[in-house]
Amino acid sequence: MANALVVRTQRYKKIGDKTSPLVYTLKRKTRDAKMYDLKRIAEEIEALGSMSAEDVLHVGRAIVRNMREKLTDGNSVRLDDFGIFRTSFHCVATENAKDCTVKNIDKVRINFKVATTLRLVNDSVATTRGAANNITFELVSDDDKTPGGNGGGNSGGDEENPLG
């Protein structure tokens with residue numbers, strides 16, 4: 001299994017403050033990772049065996065397993081019309097270069113960037129109402145649990161005693 005490549009970089013301790021001391025940190029090596037799209041992953045899964053109705057469940061598991069492998073190798077995975085998965089990490093900054101090692105990486109994350117075809121929009125502020133990717137939100141009152149409530153107050157202007 002290949003390793004995700006990182007490089008040691010130097011930056012200011014307080015980013016943007018040129019008077020702060022310089023520290024060393026680790027970053028992912030640029031242009032090192034490949035982009036895997038759904039077609040490329042599907043070709044790898046196809047090589048595992050033929051498809052049948054019973055294999056559909058196995059395909060789902062194979063996609064997850066294959067994505068995990070690509071992400072741990074430091075690559076990105078694009079699922080068409082869904083988005084891109086990639087890894088990132090946080091590295092503790094050090095004063096000396098010799099102290100900046102891979103042991104300084106304390107958090108590893110999987111990031112997801114949604115595809116524009118999947119990006120969802122609040123229908124109440126959308127320029128095109130009722131579009132396929134719009135979500136309609138509806139305010140529900142806590143008092144009556146019905147849609148379109150008035151936010152907990154009553155329309156008569158008199159305040160009810162909440163304690164009875």
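The rules we used
- Residues numbered from 1 in each chain as written.
- Predicted model: local features only at pLDDT ≥ 70, side-chain atom pairs only at ≥ 80, totals over all residues.
- Heavy atoms only, no water.
- Helix = DSSP H or I, 4+ residues; strand = E, 2+ residues; numbered from the N terminus.
- Buried < 20%, exposed > 50% of the residue type's maximum accessible area, 1.4 Å probe, protein only.
- pLDDT = per-residue confidence, 0-100.
- Contact = heavy atoms within 4.5 Å.
- Core = buried A, V, L, I, M, F, W, Y, C linked by side-chain atoms within 4.5 Å.
- Phe/Tyr/Trp six-rings, centres within 6.5 Å; stacked < 30°, edge-to-face > 60°.

**Some thoughts on the environment of Val59**
Relative to the assigned elements, Val59 resides in helix α2 (residues 55-72). Given a relative accessible area of 19%, Val59 falls into the buried group. Along the primary structure Val59 and Glu46 are separated by 13 residues, whereas in three dimensions their C-alpha atoms are 9.3 Å apart.

**Points about the confidence of the model for the protein chain**
For the protein chain, the average pLDDT comes to 76, and 73% of its residues sit at 70 or higher. Taken together, the stretch residues 139-159 has pLDDT below 50 and engages in 18 contacts with residues farther than four places along the chain or on a different chain.

**Observations regarding the nonpolar core**
Residues Tyr36, Ile41, Ile45, Ala62, Met67, Leu71, Val77, Leu79 and Phe85 constitute the largest nonpolar core, which totals 9 residues. When contributions to this core are tallied by element, the ones reaching two or more residues are α1 (38-46), α2 and β4 (76-79). For this core, the element with the most residues is α2, which contributes 3 residues. Ignoring sequence-local partners within four residues, the contact set of Val77 consists of Tyr36, Ile41, Met67, Lys70, Gly83, Ile84 and Phe85.

**Focus: the packing of aromatic side chains**
Evaluated as defined, the whole model comprises 3 aromatic pairs. Their ring planes at 45° and their centres at 4.7 Å tell us that Phe85 and Phe112 sit as a pair that is tilted. Highlighted residues: Phe85 in strand β5 (residues 83-91) and Phe112 in strand β6 (residues 105-114), separated in sequence by 27 residues. Residue classification places Phe112 among the partly exposed residues on the basis of a relative accessible area of 37%.

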